[in-house]
Amino acid sequence: MSVNEDGIQASDVGLSEVRLNRIPEFFADNYLDTGKLPCVATLVSRNGQIVHEAYRGRDELGGGDPIGPDTIFRIYSMTKPITGVALMQLYEEGKFSLDDPITRFVPQFEDLKVLDGTNEDGTPILADLERPATMRELMSHTAGFAYGLGGADYANQQFREKKVLAAPAMATFIGRISGIPLLYRPGERWYYSAAVDVQGYIVEQLSGMPFDQYLETHVFEPLNMDDTGFYVPEEDTDRLADLMYFYTDPEKPEQPGMFVPIYTENVQFRESTVGFPSGGGGLVSTIDDYARFCQMMLEKGSLSGHQILKPETVALMTTNQLPEGLGVNFDGTGTQAPQEV
């Protein structure tokens, strides 16, 4: 039966208990039993009431504990909305306007170039920028930055070669980006990029606090997101689910793929192994913690008596900020970023 801790049933908020119970069955039949996913956690909330939670699978391949409400997962780019909330809190304080140039807060970007073609020998043609990107463009992935997650162009290649996302510190991250040309001129294209990590750096500059500390003080503590952060405390490491990827042998495409755990230090989320707090994809969390963040946004910036953002700020964040004629055709879930947008 789908009942929350306060005794609220699915039917009390206009949902079907029978259909809610089909959710874990669907994932079990189509993903767990077929080997497409190692575990699945599902949660449904309506009108601020959680009326369904289900957990299937284990937190380690071939063993481990059954996952549950206290299982900690890496949330990858679900970090991005949280970073956006932090920056918009500072917007409410008058620390910046959306049309401010980002160079006002990141002067290291004053000499950025932009890709303007390729020479016959394969070397890039670089051009000066007519203007720097604005904060609005930075926050809407139209500032022109690459990411390094895909793309055969010079800018994305440089992100990978310079190991930008593996930088050992926030300042190093910014320094490495400052030596890489933009993929597009600001406002010219939408491109899923490292812009949100840059936003994390700007939060530090505007607030005078380390980014992770700012989030803890101004977002996580007020929302009671006790298990969300860039690091996993030593006493909670047994709750961290294995990070895995799906591997298919390119030399044996006829064989089924398999999940492979990643055991490198940087995915153990110890403070000593995380280079810098990545605003674009560095957080870990539980399903209940993230549900609280989502509920705050649904309630126009407040939750349980804590005002995180003003309603008008939430309205601004959920309004299309792209220039006329630009659209989005990549949601961040593919293995390759788009070449053309």
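Residues numbered from 1 in each chain as written. Predicted model: local features only at pLDDT ≥ 70, side-chain atom pairs only at ≥ 80, totals over all residues. Heavy atoms only, no water.

A. Fine view of the overall build of the chain. A tally of regular secondary structure across the chain gives nine helices and eleven strands. In terms of overall size, the chain behaves like a compact globule, its C-alpha atoms giving a radius of gyration of 21 Å where 341 residues would be expected to give roughly 20 Å. With 341 residues in all, the chain has 42% of them scored as buried. In the chain, the share of contacts with a sequence separation of at least 24, taken over all contacts with a separation of at least 6, comes to 67%. Of the accessible surface of the chain, which amounts to about 17400 Å², a share of 48% is contributed by carbon and sulfur atoms. A gap of 4 Å separates the mean positions of the 25 positive and 51 negative side-chain charges of the chain. (Helix = DSSP H or I, 4+ residues; strand = E, 2+ residues; numbered from the N terminus. Rg over C-alpha atoms; globule rule 2.2 N^0.38 Å. Buried < 20%, exposed > 50% of the residue type's maximum accessible area, 1.4 Å probe, protein only. Contact = heavy atoms within 4.5 Å. Areas by Shrake-Rupley, 256 points an atom, 1.4 Å probe, with all protein chains shown as cover. Lys, Arg positive; Asp, Glu negative; His and termini not counted. Charge placed at Lys NZ, Arg CZ, Asp CG, Glu CD.)

B. Inspection of the sheet that holds strand β3 (residues 63–66) at higher detail. Taken together, three strands build an open sheet; the order of strands is β1-β2-β3 and the sheet is antiparallel. Lying at the two open borders of the sheet, with one neighbouring strand each, are β1 (39–46) and β3. With strand direction ignored, the average angle separating the axes of adjacent strands in the sheet is 10°. Across two bridges, the pairing between strand β2 (residues 49–60) and β3 is antiparallel. Bridged to Glu 60 within β3 is Gly 63. Sitting on the sheet, helix α8 (residues 287–298) is in contact with β1 and β2, with an inclination near 35° to β1. (Pairing = 2+ DSSP bridges. Axes fitted to C-alpha atoms, helices over the stretch in contact; angles between N-to-C directions.)

C. A look at the packing of aromatic side chains. Throughout the structure, instances matching the rule amount to twelve aromatic pairs. The interplanar angle of 55° and the centroid separation of 6.0 Å between the aromatic rings of Phe 26 and Tyr 31 together place this pair among those described as tilted. According to the relative accessible area criterion, Phe 26 is partly exposed, its value standing at 43%. Since its relative accessible area comes to 29%, Tyr 31 is described here as partly exposed. (Phe/Tyr/Trp six-rings, centres within 6.5 Å; stacked < 30°, edge-to-face > 60°.)

D. Inspection of the pattern of salt bridges at higher detail. This structure, assessed with the given rule, holds nine salt bridges. Asp 100 is the salt-bridge partner of Arg 104, the closest N and O atoms lying 3.0 Å from each other. Residue classification places Asp 100 among the buried positions, given a relative accessible area of 10%. Among the salt bridges present, the one from Arg 185 reaches Asp 116, with a minimum N-O distance of 3.3 Å. Separated by 69 residues along the polypeptide, Arg 185 in the loop between α5 (170–177) and α6 (195–207) and Asp 116 in strand β5 (residues 113–118) bring together distant segments of the chain. In this structure, a network of salt bridges that share partners links the residues Asp 116, Glu 130 and Arg 185. (Salt bridge = Lys/Arg side-chain N within 4 Å of Asp/Glu carboxyl O.)

E. Geometry of the packing of helix α2 (residues 79–92) against α6. Two elements in contact, α2 and α6, have axes whose closest approach is 9 Å; the angle formed by their N-to-C orientations is 30°. One way to sum up the angle between α2 and α6 is to call them roughly parallel. Here α2 and α6 pass one another in a crossing that is left-handed. Between α2, through Lys 80, Thr 83, Gly 84, Ala 86, Leu 87 and Leu 90, and α6, the contact on the second element is made entirely by Val 196, Gln 199, Gly 200, Ile 202, Val 203, Leu 206 and Ser 207. Residues belonging to the contact of α2 with α6 are distributed by class as follows: seven nonpolar, five polar and one charged. (Parallel < 35°, antiparallel > 145°, perpendicular 65-115°, else oblique. Left-handed = near helix turned anticlockwise from the far one by under 90°. Nonpolar A, V, L, I, M, F, W, Y, C, P; charged D, E, K, R; others polar.)

F. Examining the pairing of β2 more closely. In the sheet, β1 pairs with β2 via eight bridges, with the strands oriented antiparallel. Opposite Val 44, over in β2, you have His 52 as the bridge partner. Once β2 ends, the chain turns through two residues before running back antiparallel as β3, passing Gly 62 with a positive phi of about 75°.

G. Up close: the nonpolar core. Grouped together as the largest cluster of nonpolar side chains are 65 residues, with contacts concentrated most on Ile 82, Phe 109, Leu 138, Phe 145, Ile 177, Val 198 and Ile 202. Those residues in contact with Ile 177, other than ones at most four positions away along the chain, are Phe 109, Leu 112, Phe 145, Phe 159, Val 164, Ala 194 and Val 198. Within the second largest apolar cluster, five residues are counted, among which are Val 232, Leu 240, Phe 269 and Val 284. (Core = buried A, V, L, I, M, F, W, Y, C linked by side-chain atoms within 4.5 Å.)

H. The arrangement of a negative patch on the surface in detail. A cluster of acidic residues, Glu 60, Asp 65, Asp 70 and Asp 238, forms a negative patch on the protein surface. Within the fold, Asp 70 resides in the loop between β3 and β4 (73–74). (Patch = residues over 30% accessible without salt bridge, like charges linked within 9 Å, V, L, I, M, F, W, Y side chains within 5 Å.)

I. Broad picture of α6. Here α6 spans 18 Å end to end across 13 residues, near enough to the 18 Å set by a 1.5 Å rise per residue. By the criterion of burial, α6 is predominantly enclosed, with eleven of the 13 residues buried. Among all positions of α6, only Ala 195, Val 196, Asp 197, Val 198, Gln 199, Gly 200, Tyr 201, Ile 202, Val 203, Glu 204 and Leu 206 are buried. Looking at the packing, one finds that the buried side of α6 touches α2, α3 (135–138), α5 and α7 (211–220). (Expected span 1.5 Å × (residues − 1).)

J. Spatial organisation of the pairing of β5. Note: β5 against strand β6 (residues 124–128), four bridges, orientation antiparallel. Bridge pairing links Val 114 to Ala 127 in β6. Counting the residues that bridge the hairpin from β5 to β6 gives five residues, and of these Gly 122 lies at a positive phi of roughly 90°.

K. Spotlight on unusual backbone geometry. Of note in the backbone geometry, Asn 47 takes a positive phi value of approximately 55° without being a glycine. Along the chain, Asn 47 falls in the loop between β1 and β2. Looking at Asn 47, the relative accessible area reads 65%, which means it is exposed. Despite not being glycine, Ser 304 shows a phi value in the positive range, around 50°.

Without other data, these values stay purely geometric and don't point to any function.
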